[in-house]
Every structure is written in structure tokens, then in C-alpha cells.
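# Architecture at a glance
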Amino acid sequence: MEMKKNDIYEAEIIDYTNEGSGICKINGIAVFVPAVAAGDKARIRIVKTAKNYAFGKLEELLEPSPDRVCSDCEIFVRCGGCSFRHISYASELAFKRKFVADALTRIGGADSSLIGEIVGADTPDHYRNKAQLPITLDSDGKVRVGFFAPRSHRVIPLDTCQLQAEVFNDAIGVFLDWANRMNLPPYDEQTHSGILRHLYLRYAFRTNELMVCVVANAHELRKEKQLVQMLTEKLPALKTVVLNTNTEKTNVITGKQCRTLYGDGYITDELCGLRFRISPLSFYQVNRDQAERLYTLASELAGLKGNETLLDLYCGTGTIGLSMAHKVGKLIGVEIIPQAIEDARRNAAENGITNAEFICADAAEAAIRLHQRGLHPDCVILDPPRKGCDSALIETVVRMSPQRIVYVSCNAATLARDIKLFAENGYSLQQAIPVDMFPRTNHVECVVCIQRK
Ligand code: SAH
């Protein structure tokens, strides 16, 4: 019998997709259902059908999964930020580990005994050190901040968020108090009018420094002095206030121009014993504590002894390589974004690191040139975006014949594909360790060590 929209079936949720939706099988077809738990027995309403799969929604929960917990957020699911507020953190970690293990064994041909335990966070809440909140008017005409609903530009207003630093909740309150008192209109994407676009917050957990950045469709705000005064009075951690101007018709959040209204225009955090400057436009890992664990693991897997040459490809602002610089003879970082390379060079200088060189280029092209110049790194770090490494890059790395490759990945499927390619070229997987950098979301990171046979 063919499945139609609005049909209702009883089914048991058996697994999750990589986006965190539940999966059940109805008439042999996979049906994807958001915000259900593996182990739930439920009545599912079909909302959309395709040839080999369908989408459903929870109609009635008949028997809850033992993994279930009560969600502690009013806008869970609607805001799209979290995938797993309705199951225990332990079961979320178990799913994430299994997800990585399945990809590495099925796609990558890895031996399952090489996949270690997942490194979970001490606490899955209040870890985000960065929030970019669109500003809107609610139905009562009050200025609010929120998050865009998934795949839309409709703002879901919020007062607090369980993922972000607790100090952000206070900062939101003070900012909204100011915005509502001063009668500054939120920006309207449709008409390209209004002033306040985003409230952009960053926090350095280790040093307790807070940055408040207002992204505005203006070069000046009518009552900026009052804003600074209210923020400094109410927020002891406040270190700097910045106005970022974005007058473009774009969904890119920040513009290029920043003006400091208070403090130095940046905050400083500590990671792996190094100090990193964080300005509105610079990249910094959003979960500091887990980033430190990830980098520490990467360093252990690299097994450095003190005089090696280390090549850090896709280095961003240099953090991974710099955290290992004291253990190597020479560090070379490669990254395609010029601003990130500038930050990497400054990060090296400010931490007194003199054995690092940073190159702004495409990783594959830079690797080819470095190889032609006769570079033979002892160890290569790879930390590519979700699409993984180019096959040309992998070929070049193989030709450089490093003893070890440490690959940090945010996408287990492309990691598995690349591990397989390395295996076909004389490099075998030694160890893979999943790391939960983003608790409560569907993302999972993994660090692996690949060694020359
Ligand atoms: N290793 C860094 C950042 C990793 S994110 C850290 O741990 O913080 C991946 C980085 O790869 C991004 O900074 C992105 O700008 C960069 N990138 C993307 N495509 C690239 C390419 N073709 N060549 C070099 N770098 C690239």
C-alpha cells in the first residue's frame, strides 16, 4: 500500500540521521522524524513522501524511549540550534560514537578496534563562547533577539539559550533594555531599512572577558554612550564594546568596518597555554574546553619529539600548529583566508613563537610547491572543511612521505573516504578518537592518526 501525506502509522524509532532526526521503517521505507528518540514507540504522521523515503512528524508518543529526558528549552526544535535536548547526554554521546564508527568502518574500511571512546564534554550546556543573534520586533512591538528558524529568515525570539555562555543571557537583557528605551528600530531585510541587525557576543571563558558587538545598518548609533554606560554598569566581565557596520543587502552577518566604542576592540583568551586575541572578525573555536582537549589529543597522536618539521594544512588562525610549536623544529601553516593568516602570524608573535611560518594559499597548491622545493615534513596536520581533502592534496602529502598524518575532521563521511585513499597509498589508520565539540547539536568531530606502513 502506498504511503500518502497525512497517513498515520505506528512505528519504533531505530536510529538517527546525521542531522539528528529519528529514523523509523514503515512499509520498508525509511521515514525521518525530527525530535524523537531512538527506542520511542510512536504514532507518526506522514508529512511528505519521496520515492525511497518520507518525512514524518510525531503524532503521539505511545511508549517513550529509556533515553528520553525532558527538554529544558521552550524553543527546542523550532530554533534549530539543538538536535538532542530530549535525550540524555550519555545516549547522545553513544549515538555520536556509533555514527563515527559506522562511517569509518563501512566507508573507510577501518578496523572497529581502532576507534576509541568518544571524548564528551564535562557539561553539555553553556559552552558556546560566541552568539550572533538577529534583532527583530515581536508582536507587541518590543525589540527582541532570537535565532533564525531552520532554513528560514523568520526570527524565533529568545530570552536565554542553554548552549551559550551564561553571561550572554545578562548581556541580552541589558542590550534589549537599551534598544527598547532608545527606540532604535531593528533592521528589516525585506525593505533594507531600520538600524539594528545583530547582537554579536563573544566571551573568553579562561580570562572572563566579554565582548559586546552591535551589528548595525549605520555608522553611528544615536545613543551609543548610554549603551556603553548601561553595559559597563551591569556586566562586570565587559571588556569591550564594538559597533560593526553592515549596510549591504546580504545575509552575511558582519560588515568589514568595526569601530570601538569601549575598551580595546578585542578580548583575549587562553588555549593550550597560549594567548589568543579575539576580535569581532577573527575566528576562534566556539567550545574552548573541548578545543583544548582536541588539540591536546592531536598533539599526543602526532608523537613529536622536538626537532621535526610540522606542516599544518587548513590552519585557520594557526591554533593547532601553534599549540605544538614548542615541540617541533619548524612549523609551516597553510590557510586560504588572508585575514586568518594575518591573525596566525600575530598569534605566533604575541606568544613569542619564532619557528613558525604561515602561507596564504590553497592547501593543495601550497603542498605541491612545498614538495617541489624539497620539503619533507615529519608530520602533517589536516583540518579541512566538511568536504574533506582534495585527492590532489592527498597525493601530494603521500609524495612528501611524512611518518605521521593527524587528521582532524568535522565530517566522518569525508574523513572515511580520505582514510581509504591514504590506505591505498601506503598509510594505515592507527587510531580514531571522536570528540564532542558541540554537545546537543548533530555535529561530531573526530581526530585520527594515520601512519606510513
Ligand atoms: N585548523 C583550524 C581551522 C580549521 S577549519 C582550527 O583548528 O581552528 C578549516 C579551515 O580551512 C578554514 O580556516 C578555511 O578557511 C580553510 N580552508 C578552506 N578551504 C581551503 C583550501 N582550499 N586551502 C586552504 N585552506 C582552506
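All chains use their own residue numbering, which begins from 1 and follows the written sequence. Whole-chain, interface and lining totals are the exception, using all residues; otherwise, since this is a predicted model, local features are given only for residues with pLDDT of at least 70 and side-chain atom pairs are given and counted only at 80 or more. No hydrogens and no water enter the side-chain calculation; it runs on all heavy atoms of the structure.

Turning to the sheet that holds strand β21 (residues 427-435), a few remarks are in order. Two strands make a pair as long as DSSP finds a minimum of two bridges between them. Per the convention used, a helix needs a DSSP run of H or I reaching at least four residues, while a strand needs a run of E reaching at least two, with both numbered from the N terminus. Ordered by their spatial adjacency, 7 strands build an open sheet running β18-β17-β16-β19-β20-β22-β21, and the pairing between neighbours is mixed. Both edges of this open sheet fall to β18 (356-360) and β21, since each of them pairs with a single strand only. Recorded for the sheet is a direction-independent mean angle of 15° between the axes of neighbouring strands. Across 4 bridges, strand β19 (residues 379-382) lies against strand β20 (residues 404-409) in parallel orientation. Bridged to C379 within β20 is R404. Across the sheet, helix α7 (residues 363-372) touches β16 (309-313), β17 (330-335) and β18, and the angle it forms with β17 is around 140°. The sheet strands contacting helix α9 (residues 412-424) are β19, β20, β21 and β22 (445-452), and the helix crosses β20 at an angle near 165°. Where helices are involved, their axes are fitted lines through C-alpha atoms of the stretch in contact, as for all axes, and angles between N-to-C directions lie from 0 to 180°. Whether two residues touch is decided by their heavy atoms; if any such pair falls within 4.5 Å, the residues are in contact.

Turning to the environment of Q451, a few remarks are in order. One can find Q451 in strand β22. Counting along the chain gives 20 residues from Q451 to Q431, while the straight-line C-alpha distance between them is 9.6 Å. Setting aside residues no more than four positions away along its own chain, Q451 makes contact with Q403, R404, G426, Y427, S428 and Q430.

Further remarks concern the site of the ligand. With respect to spatial proximity, 16 residues lie near the ligand, and among them Y295, E335, D362, A363 and D383 are the closest. Here an oxygen atom of the ligand sits 3.4 Å away from a polar atom, N or O, in the side chain of T319. For the ligand, whose free accessible area comes to 580 Å², the fraction covered by protein is 83%. Every definition here rests on a 1 Å grid over the protein atoms only: cavities are sets of points where a 1.4 Å probe fits but cannot get out, pockets are open sets enclosed by protein on both sides within 12 Å along at least five of seven lines, and lining residues have some atom within 4 Å of a point. The rule for placing a molecule in a cavity or pocket is simple: more than half of its atoms must lie within 2 Å of the grid points. The site holding the ligand turns out to be the second largest pocket. Tallied by class, the residues present in the shell around the ligand amount to 10 nonpolar, 3 polar and 3 charged. Only heavy atoms are used to decide nearness, and a residue is near a molecule or strand if one of them lies within 4 Å of it. N or O atoms closer than or at 3.5 Å make up a polar contact, with two conditions inside protein: a donor-capable atom paired with an acceptor-capable one, and, for residues adjacent in sequence, both atoms drawn from side chains. Only the protein chains shown count as cover for residues, and all accessible areas are computed by the Shrake-Rupley method using a 1.4 Å probe. Residue polarity follows a fixed list, in which Ala, Val, Leu, Ile, Met, Phe, Trp, Tyr, Cys and Pro are nonpolar, Asp, Glu, Lys and Arg are charged, and the others, Gly among them, are polar.

Here the focus is the packing of aromatic side chains. Two measures describe an aromatic ring pair: the distance that separates the ring centres and the angle between the ring planes. Any two rings among Phe, Tyr and Trp, with Trp reduced to its six-membered ring, count as a pair given centres within 6.5 Å; such a pair is stacked if its planes are under 30 degrees apart, edge-to-face if over 60, and tilted if neither. Counted according to the given criterion, the structure contains 11 aromatic pairs. Note on Y16 and F84: the rings are 5.4 Å apart at their centroids and 90° apart in plane angle, and the pair reads as edge-to-face. Residue Y16 is found in strand β2 (residues 15-16), and its partner F84 is found in the loop between β6 (53-63) and α1 (89-106); the two are separated by 68 residues along the sequence. Only protein chains enter the accessibility calculation, which uses a 1.4 Å probe. A residue is then buried if its area is under 20% of the maximum for its type, exposed if over 50%, and partly exposed in between. By relative accessible area, Y16 is classed as buried at 6%. What makes F84 buried here is its relative accessible area of 0%. Each ring, one from F32 and one from Y53, has its centre 5.9 Å from the other, and the planes form 40°; the classification is tilted. A residue pair is termed long-range when its members are at least 10 positions apart, and F32 in strand β4 (residues 29-33) and Y53 in strand β6 qualify at 21 residues. Among the residues examined, Y53 registers a relative accessible area of 36% and is labelled partly exposed. The ring of Y266 has R277 lying over it, and the distance from NZ or CZ to the ring centre is 4.0 Å. Whether a charge lies above a ring is judged from NZ of Lys or CZ of Arg, which has to be within 6 Å of the ring centre and within 35 degrees of the ring normal.

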